[in-house]
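# Notes for the structure review
The lines below spell out each chain.
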Amino acid sequence: MLSKLFKHEMRACARLLLPIFLILILLALLDRIVLGLDIFDGSLKVIPVFITVAFIFANIAVGFVTFILIIVRFYKNLISDEGYLMFTLPVKASQLIHSKLIASIIWLLSSVAVIFGSLSFTFGTLDGASEFWDGVKTSWVQFTQEYGNDARMFFAEIILIIFIGIVCSILQIYASVAIGQLVNGHKILGAFGAYVALYTIMQIACTIALVIAGLAFKGNYDDLGMVTAIVMPVTALFTLIFTVIFYFITVILFNRKLNLE
Amino acid sequence: MSAILECKSLTKKFSSLTALDNVDLTLERGHIIGLLGPNGSGKTTLIKLINGLLVPSNGKLLIDGKEPGTESKKIVSYLPEKTYLPDWMRVSDTIDFFEDFYEDFDRKKAYDMLKRLQLDPTKRMKTLSKGTKEKVQLILVMSRDADLYCLDEPIGGVDPAARDYILNTIISNYNEKATIIISTHLIADVETVLDEVIFIKNGKITLHSSVDDIRTKEGKSIDTLFREVFKC
């Protein structure tokens, strides 16, 4: 059943996101062609600048729309009238959440890939781009020479934290929606309130943990070592703990306190 | 054969309001039952509890001996009073969707009914009128071979001509081991198809009887009796 739910979820999102991705790719192509043309003189030079600015905004918009779609899908499909259909299917509430979570992660990563791809396609071969990449490479070499394994650890941990962070943010929204639906007549407002409350609790807990961890190990590490050995693992662990908490809030509320109007 | 639905001291409270108050109810298989009561009497609450869309505050509810959950949802076919199909779907998509999730769904039956009601399967839900959407939903729900059908206001939004067809569809599309609960205000319209009636008022069941018994004992139609009992 999970695979069927997942299939329908992917399809429902693809309907909106694929055309948007396609438009971005077309804009990338257009911008690259325009940037490659050497025909704009005088005041016409504003044209490639204008198209490039529009293209960059389109990239930001794609990321934004993907994120909004994830929220709207979850709310509309489960808490609005469509919830009557979804929650009477012979599936578990947890399966509904899993299908949406997996689809959301895939669509978020795809939108990042499309944005990164379109940007590097458009600007990647321009003069100056290679200098930029050389600069990045040199800094990386210097960084690894100076800090050795700590530097590699640092990047591995960053990637891990970003991934857990994505899952955590999605589940934080799910949990907020699940809490918000308990408020009769003000489900959206309730979800916003719940989000702010969850965010505040999470920030306070994480700050306290970092301070405690920092004090406990003070002076035992040089700077980056301290970051890779304490700050980042603690952040990752905390994000993971909150991810699990948000997950269970959502599942338990949907199982025991579902309140469709 | 075991009862299809059993409620024991079933209670549902919404903060200060008691929507269902200590309801004891047993429904046998093979009946068409009218769940009748004024607005806010608890009809929809009961149906939502059966379908697991609400959780009881107290008491128990068993469908074919099982608490509401994945197993009960396989044998209950539910028509809510809401239009619950995603509006971007085509009618044919909704049929695929039901076929995907319900093993007892009969695709051919659904297409036959669409044809009979002259509904175009390629149309998108958002282009249909409210009454037409309700017809599509009813077709989906009645194309399942379920043990318990819960129809919440199934004919409220459709024209009288389609009402007759829909009621015929309901009667002719269920097997003898299935039970149908129809919640409605339009008693005169459904009266002829009902075997039993349940009167519900302020969350309590005030009458549960067979239609024949009422006609013999009271000497009046269900519609007349309802108007008397629930007189404002």
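Analysis parameters
Residues numbered from 1 in each chain as written. Chains lettered and ligands numbered in written order. Predicted model: local features only at pLDDT ≥ 70, side-chain atom pairs only at ≥ 80, totals over all residues. Heavy atoms only, no water. Helix = DSSP H or I, 4+ residues; strand = E, 2+ residues; numbered from the N terminus. Buried < 20%, exposed > 50% of the residue type's maximum accessible area, 1.4 Å probe, protein only. Contact = heavy atoms within 4.5 Å. Areas by Shrake-Rupley, 256 points an atom, 1.4 Å probe, with all protein chains shown as cover. Lys, Arg positive; Asp, Glu negative; His and termini not counted. Charge placed at Lys NZ, Arg CZ, Asp CG, Glu CD. Buried area = accessible area lost by both parts, 1.4 Å probe. Salt bridge = Lys/Arg side-chain N within 4 Å of Asp/Glu carboxyl O. Polar contact = N/O pair within 3.5 Å; in protein donor to acceptor, adjacent residues only side chain to side chain. Domains from an automatic or database assignment. Pairing = 2+ DSSP bridges. Axes fitted to C-alpha atoms, helices over the stretch in contact; angles between N-to-C directions. Phe/Tyr/Trp six-rings, centres within 6.5 Å; stacked < 30°, edge-to-face > 60°. Lys NZ or Arg CZ within 6 Å of the ring centre and 35° of its normal.

### Looking at the overall build of chain A
Looking only at helices and strands, chain A has eight helices and zero strands in total. When its helices and strands are written in sequence order, chain A yields α-α-α-α-α-α-α-α. Referenced to the eigenvectors of the C-alpha coordinate spread, the extents of chain A come out at roughly 65 × 55 × 35 Å. Buried residues in chain A amount to 41% of all 261 residues. For chain A, long-range pairs separated by at least 24 residues make up 79% of all intrachain contacts whose partners lie at least 6 apart in sequence. A total of about 14,100 Å² of accessible surface is found on chain A, and carbon and sulfur atoms cover 74% of it. Across chain A, the centroid of the 16 positively charged side chains sits 19 Å from that of the 15 negatively charged ones.

### Observations concerning the interface of chain B and chain A
Taken together, the contact pairs 25 residues of chain B with 29 residues of chain A. Regarding the contact of chain B and chain A, the summed buried area is about 2,600 Å², with carbon and sulfur atoms giving 62% of it. Of all residues in chain B, L53, W88 and F101 of chain B give up the largest surface area on contact with chain A, accounting jointly for 28% of the area buried on that side. Where chain B touches chain A, the interface holds four salt bridges. Notably, a salt bridge pairs D87 of chain B with K76 of chain A, separated by 4.0 Å at the nearest N-O pair. Inspection of the chain B/chain A interface yields eight residue pairs in polar contact (both at pLDDT 80 or more).

### Re the domain arrangement of chain A
It is common to give the size of an interface as the accessible area lost on bringing the parts into contact. All names here are of chain A. If you check the domain split of chain A, you get domain 1 (1-125) and domain 2 (129-261). Measuring from the centre of the C-alpha atoms in domain 1 to the corresponding centre in domain 2 gives 23 Å. If you look at the interface, domain 1 gives 23 residues, while domain 2 gives 20 residues. Buried surface at the junction of domain 1 and domain 2, summed over both partners, amounts to about 2,000 Å²; 84% is from carbon and sulfur atoms. The three residues of domain 1 that bury the most area against domain 2 are F74, I79 and I97, which together make up 27% of that side's buried surface.

### Considering the sheet that holds strand β4 (residues 58-63) of chain B
All names here are of chain B. With antiparallel pairing, the three strands of this open sheet are ordered in space as β2-β1-β4. Edge strands, defined here as strands with exactly one partner in the open sheet, are β2 (17-27) and β4. On average, adjacent strands in this sheet sit at an angle of 25° to one another, irrespective of strand direction. Looking at chain direction, strand β1 (residues 5-14) and β2 are connected through seven bridges and run antiparallel. Looking across to β2, one finds that L5 is bridged to L27.

### Some details on unusual backbone geometry
Residue and element names in this part refer to chain B. Of note, Q118 is a non-glycine position whose phi angle comes to about 55°, a positive value. Counting through the fold element by element, Q118 comes out in the loop between α4 (107-116) and α5 (130-142). At E153, a residue that is not glycine, the phi angle is positive and equals roughly 50°.

### Thoughts on the pairing of strand β5 (residues 76-79) of chain B
Looking down a regular strand, the side chains alternate between one sheet face and the other. Residues and elements named next belong to chain B. Residues V76 and Y78 point to one face of β5 and S77 and L79 to the other, with burial holding for every one of them. The pairing of β5 with strand β6 (residues 148-152) spans four bridges and is classified as parallel. Paired with V76 across the two strands is L148, which belongs to β6.

### Considerations on the sheet that holds β5 of chain B
All names here are of chain B. Taken in spatial order, the six strands make up an open sheet running β5-β6-β7-β3-β8-β9, and their pairing is mixed. The sheet is open, and its two borders are formed by β5 and β9 (204-210), each paired with just one other strand. With strand direction ignored, the average angle separating the axes of adjacent strands in the sheet is 15°. Each of β3 (32-36), β5, β6, β7 (179-183) and β8 (196-201) touches helix α1 (residues 43-50); the most contacted strand, β6, lies at about 145° to it. Strands in contact with helix α8 (residues 211-218) are β8 and β9; relative to β9, the strand with the most contacts, it is inclined by about 90°.

### Observations concerning the packing of aromatic side chains
Tallied over the full model, the rule gives 19 aromatic pairs over all chains. A ring pair is formed by F143 of chain A and F155 of chain A, whose centres lie 6.0 Å apart and whose planes are at 85°; its orientation type is edge-to-face. In this pair, F143 of chain A is assigned in helix α5 (residues 129-147) and F155 of chain A in helix α6 (residues 149-180), connecting sequence segments 12 residues apart. Between F242 of chain A and F246 of chain A, the ring centres sit 5.9 Å apart and the planes meet at 45°, which makes this aromatic pair tilted. On the criterion of helical spacing, the pair formed by F242 of chain A and F246 of chain A is a turn pair, its members being four residues apart in helix α8 (residues 223-256). Take F242 of chain A and F246 of chain A: they sit in the same class, and that class is buried. The structure contains a cluster of three or more aromatic residues connected by ring pairs, namely F74, F87, Y174 and F254 of chain A. Sitting over the ring of F121 of chain A, R32 of chain A keeps its end group 4.7 Å from the ring centre. In this structure, R144 of chain B is placed above the aromatic ring of Y102 of chain B, and the distance from its NZ or CZ to the ring centre is 3.7 Å.

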